[in-house]
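Examining the three-dimensional arrangement
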Amino acid sequence: MRRDTIMYWVATSLVAIMGLTAGVIYFVSPDIAREFTHLGFPDYFRIELGTAKIIGALALIIPTVSHRIKEWTYAGFAIVFASAITAHLVVEGMPEAISPAVSLLFLCVSYIYFTKVKSFKIVS
């Protein structure tokens, strides 16, 4: 149980840090604004996605958030990361898709251990 809890918090913390960092950068970096335009997205999508990433990161990291909200947060992040992989692959090629792929990998690890820790707490 202890190992599962540690793995959960490490992976979840990494996802939350990536989400918070990206969310904030989406608001303050002109380079990111240009990148969104380059990928073919409207500017308002950058604002929506930045807001969603900040809220999602907080939902994952705050322990008192319900399990149902966390499940939806995992689904949302999975869609965002898979969409980012696709957008970068189509427009820029494989090297640019590595970062969202790594984020998706950490998200998967976090979710696997989330379900293990959650099931252990229910059984105990």
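Being a predicted model, the structure only gives us computed values, none of them experimental.

Here we come to helix H1 (residues 2–28). Its 27 residues place the ends of H1 39 Å apart at the C-alpha level, agreeing with the 39 Å of an ideal helix rising 1.5 Å per residue. Listed as buried for H1 are Asp4, Tyr8, Ala11, Thr12, Val15, Ala16, Gly19, Ala22, Gly23 and Tyr26.

Another aspect to go through is the layout of surface pockets. Over the atoms rolls a probe the size of a water molecule, and its path tells where empty space is left. Taken as a whole, the largest pocket holds about 610 Å³ of empty space. For the largest pocket, the lining is made up of 25 residues, of which Tyr26, Lys53, Ala84, His88 and Pro100 are closest to its centre. Listed by contribution, the elements that provide at least two residues to the lining of the largest pocket are H1, helix H2 (30–39), helix H3 (43–61), helix H4 (67–91) and helix H5 (94–123). For the lining of the largest pocket, the residue count by class is 17 nonpolar, 5 polar and 3 charged.

Next up on the list: the packing of H1 against H3. Contact pair H1 / H3: the axes reach a minimum separation of 8 Å and the direction vectors enclose 155°. Here H3 runs roughly antiparallel to H1, going by the angle between their axes. Viewed along their axes, H1 and H3 form a crossing whose handedness is left-handed. Classifying every residue of the contact of H1 with H3 gives 16 nonpolar, 6 polar and 2 charged.

Definitions and cut-offs
- Residues numbered from 1 in each chain as written.
- Predicted model: local features only at pLDDT ≥ 70, side-chain atom pairs only at ≥ 80, totals over all residues.
- Heavy atoms only, no water.
- Helix = DSSP H or I, 4+ residues; strand = E, 2+ residues; numbered from the N terminus.
- Expected span 1.5 Å × (residues − 1).
- Buried < 20%, exposed > 50% of the residue type's maximum accessible area, 1.4 Å probe, protein only.
- 1 Å grid on protein atoms, 1.4 Å probe; cavity = no way out; pocket = protein on both sides within 12 Å on 5 of 7 lines; lining within 4 Å.
- Points joined across faces, edges and corners; volume = space filled by probe spheres on them.
- Nonpolar A, V, L, I, M, F, W, Y, C, P; charged D, E, K, R; others polar.
- Axes fitted to C-alpha atoms, helices over the stretch in contact; angles between N-to-C directions.
- Parallel < 35°, antiparallel > 145°, perpendicular 65-115°, else oblique.
- Left-handed = near helix turned anticlockwise from the far one by under 90°.

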